[in-house]
Amino acid sequence: MRLEAQPGKATAAPHEGLRAEQLLLVLKVIKQASRAQDPGTFFRIVVDAVHNEVPLFSHVSIFEIDTSPGQVRAVAVAGGDRAGAAGSEVLRPWGSLAAVLSSGAAWVSNDIEGESRGLATMAPDSRSALCIPIRTGDRVLALLNIESRQTDLFSPADVALFENLCEHLADLLQGVRLYDQNRRTNVKIQRMIETCRLVLAAQSMASALETTVRNIVDGYGYHCCGVALLSQDRSHLIHEAHHARQKVDLLQGYRHEMGQGLIGQAASTRRTLHCDDPDREGNLLAGMPGVKARLCIPLLAGDRLVGVLDIGAGESEAFKPEDVSLMETLGGFLALAIDKRQAQREKEALQLQLLQSEKLSALGHLISGVAHELNNPLTGVIGYSQLLPGLECDERMR
C-alpha cells in the first residue's frame with residue numbers, strides 16, 4: 001500500500017515506486033563503491049550507479065560540503081548533459097541545495113514548474129527533483145541530488161528509501177575518507193623519509209637546501225618553499241634557497257630582520273607559526289602570487305637556531321596538524337644537515353688555518369736555519385775586523 005503524501009512533503013505519484021530489482025542492483029553497486037580508495041572515486045561510482053540503473057533519473061549529482069562555512073562543491077555529476085559539471089570550484093548553495101542545508105531534511109518536488117517556492121534545479125529541463133542530505137548525526141557530509149524530466153515521480157516511499165540509502169552512504173563515506181586520509185598520511189611519511197635521506201646524503205649545503213625546497217613543493221603539492229639561514233652574527237636571516245610552482249625571481253641573499261614578519265617571529269620565538277592571510281606579512285614569500293597560507297618552522301639543531309623553513313600553500317587552511325607535524329620532522333632533519341655542513345665548514349676552515357700555521361712554522365724554521373748558517377762565519381769575520389784597529393801592522397796587512 002502506498003504512503004500518502006504529507007503537507008510540504010512528496011506528492012502522490014501514479015506508480016508503485018522504483019522496481020525492487022533496480023534498487024537491489026543500485027545497492028550492489030554502492031557496495032562496490034565502498035571499496036573505493038578515495039572519496040572522489042566513491043562519489044563517481046554512486047552517481048553513475050544511480051543514473052545508469054534507474055532510467056527515469058535524468059540527472060544525478062553529489063555536492064560535498066566545503067570546509068568554508070555555507071559552501072558546497074560539485075564532486076560527481078551524471079546525466080542532464082552534465083549540468084553544473086563536477087569541479088574544484090566552491091559555490092554558495094542555491095535552490096534545493098540551500099533548502100536542504102537550511103532545514104537539514106530531504107527536499108522533494110514533483111512539479112518544479114508549479115513550485116510556489118521558486119527553487120531552481122541543477123538541470124534546466126527537470127520536472128521532479130529529490131535532494132537528500134548524506135549526514136552523520138547533526139553533521140551534513142554531502143548532498144545527493146536526483147532529478148527527472150517527468151512530473152509526479154517521487155512517492156513518500158521513494159523518499160524514505162533514498163533517505164535510508166543516504167544513511168548507509170554516510171557510513172561508507174566516513175570509512176572511505178578515513179582510509180584515504182591514512183593512505184595520504186603514509187605517502188607523505190614515505191616522501192618525508194626519502195627527503196630526509198637525500199638531505200642527509202647531500203654533498204653540500206646548497207644541494208641539501210635545494211633538495212628540501214624542491215621535494216616539499218613537488219612532493220607535497222605546496223605552492224612554494226624557501227629556506228633562510230641565520231647570519232654569522234645572529235642578527236638577521238639570509239634567504240638561501242627557494243622553489244615555486246610558477247617562476248618568480250626571488251633574490252638570493254635577501255635579508256630579513258629577526259622578529260619582523262612571520263618568518264622573523266618564528267626565528268625569534270623558536271616556535272612554529274602559520275597564518276591564512278600572508279598578504280599582511282612583509283616577507284619575501286608572502287608577496288608571491290597565489291599564496292593563501294604560510295607555515296614557518298624554526299630550524300633547530302639541539303638548542304641552536306640555524307634558520308627557518310618557510311612554506312606557502314595555494315589554498316587557505318592548507319596546513320592540518322598532521323601536515324605541520326610532518327614538516328616539523330622534516331625541518332628537524334634539515335637542521336641537522338645544516339648543522340653538519342656548518343660544522344664541516346668550520347672544521348675545514350680550522351684545518352686551513354692549521355695548514356697555514358704549519359706553513360708559517362716551517363718557513364720560520366727555514367729562515368732560522370739560514371740565519372744560523374750565515375751567522376757562524378759572519379761572527380768570525382766581524383770579530384777579526386773589530387781586532388784590526390788595535391794591531392800594529394803595516395798598511396799592506398791592513
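Look above for the structure.
Quantities reported herein were computed from a predicted structural model and do not represent experimental measurements.

Explain a nonpolar patch on the surface residue by residue, including any values.
On the surface, a cluster of nonpolar side chains totalling about 490 Å² of accessible area is made up of Leu360, Leu363, Leu366, Ile367 and Val370. Its place among the elements puts Leu363 in helix H7 (residues 321-387). What makes Leu363 partly exposed here is its relative accessible area of 45%.

An account of the pairing of strand E5 (residues 139-148) is needed here, citing residue identities and associated values.
Where burial is concerned, most of E5 is hidden: 9 out of the 10 residues are buried. With 6 bridges connecting them, strand E1 (residues 59-65) and E5 associate as antiparallel partners. When the bridges of E5 are listed, Val60 appears paired with Ile146. With 9 bridges joining them, strand E4 (residues 128-136) and E5 adopt antiparallel strand pairing.

How would you sum up the packing of helix H4 (residues 156-201) against helix H5 (residues 205-220)? Please name residues and give values.
Taken N-terminus to C-terminus, the directions of H4 and H5 make an angle of 165°; their axes are 9 Å apart at the nearest point. It follows that H4 is roughly antiparallel to H5 by the angle criterion. As H4 runs across H5, the sense of the crossing is right-handed. Residue-level contacts link Lys188, Arg191, Met192, Thr195, Leu198 and Val199 of H4 to Ala208, Thr211, Thr212, Asn215, Gly219 and Tyr220 of H5. Looking at the contact of H4 with H5 residue by residue, the classes come out as 5 nonpolar, 5 polar and 2 charged.

Which residues make up the sheet that holds E4, and what values do they have?
A sheet is described by the order of its strands in space; here 5 strands give the open sequence E2-E1-E5-E4-E3, paired in antiparallel fashion. The outermost strands of the open sheet, each flanked by one partner alone, are strand E2 (72-79) and strand E3 (107-109). Taking the axes of each pair of neighbouring strands and ignoring which way they run, one obtains an average angle of 15° across the sheet.

Tell me about unusual backbone geometry, and please be specific about residues and values.
For Asp152, which is not glycine, the phi torsion reads 55° and is therefore positive. Relative to the assigned elements, Asp152 resides in the loop between E5 and H4.

Pulling in residues and values, what's your account of the pattern of salt bridges?
Within the structure shown, the criterion is met by 10 salt bridges. Across the pair Asp180 and Arg184 runs a salt bridge, and its minimum N-O distance is 2.8 Å. With Asp180 and Arg184 both in helix H4 and 4 residues apart, the pair spans about one turn of that helix. Among the residues examined, Arg184 registers a relative accessible area of 48% and is labelled partly exposed. The shortest N-O distance in the salt bridge between Glu210 and Arg214 comes to 2.6 Å. Linking Glu210 with Arg214, this pair stays in helix H5, spanning 4 residues, or about one helical turn. Classification of Glu210 as partly exposed rests on a relative accessible area of 30%. Each of Glu64, Arg73 and Arg177 takes part in salt bridges that share partners, so that together they form one network.

Now, about the side chain of Arg294: what can you tell me, with residues and values included?
Looking at where Arg294 falls in the secondary structure, it is placed in strand E10 (residues 293-301). With relative accessibility at 0%, the residue Arg294 sits in the buried group. Of note is the side chain of Arg294, whose polar atom sits 2.9 Å from the side chain of Asp310.

Cut-offs used in this document
Residues numbered from 1 in each chain as written. Predicted model: local features only at pLDDT ≥ 70, side-chain atom pairs only at ≥ 80, totals over all residues. Heavy atoms only, no water. Patch = residues over 30% accessible without salt bridge, like charges linked within 9 Å, V, L, I, M, F, W, Y side chains within 5 Å. Areas by Shrake-Rupley, 256 points an atom, 1.4 Å probe, with all protein chains shown as cover. Salt bridge = Lys/Arg side-chain N within 4 Å of Asp/Glu carboxyl O. Helix = DSSP H or I, 4+ residues; strand = E, 2+ residues; numbered from the N terminus. Buried < 20%, exposed > 50% of the residue type's maximum accessible area, 1.4 Å probe, protein only. Pairing = 2+ DSSP bridges. Axes fitted to C-alpha atoms, helices over the stretch in contact; angles between N-to-C directions. Parallel < 35°, antiparallel > 145°, perpendicular 65-115°, else oblique. Left-handed = near helix turned anticlockwise from the far one by under 90°. Contact = heavy atoms within 4.5 Å. Nonpolar A, V, L, I, M, F, W, Y, C, P; charged D, E, K, R; others polar. Polar contact = N/O pair within 3.5 Å; in protein donor to acceptor, adjacent residues only side chain to side chain.

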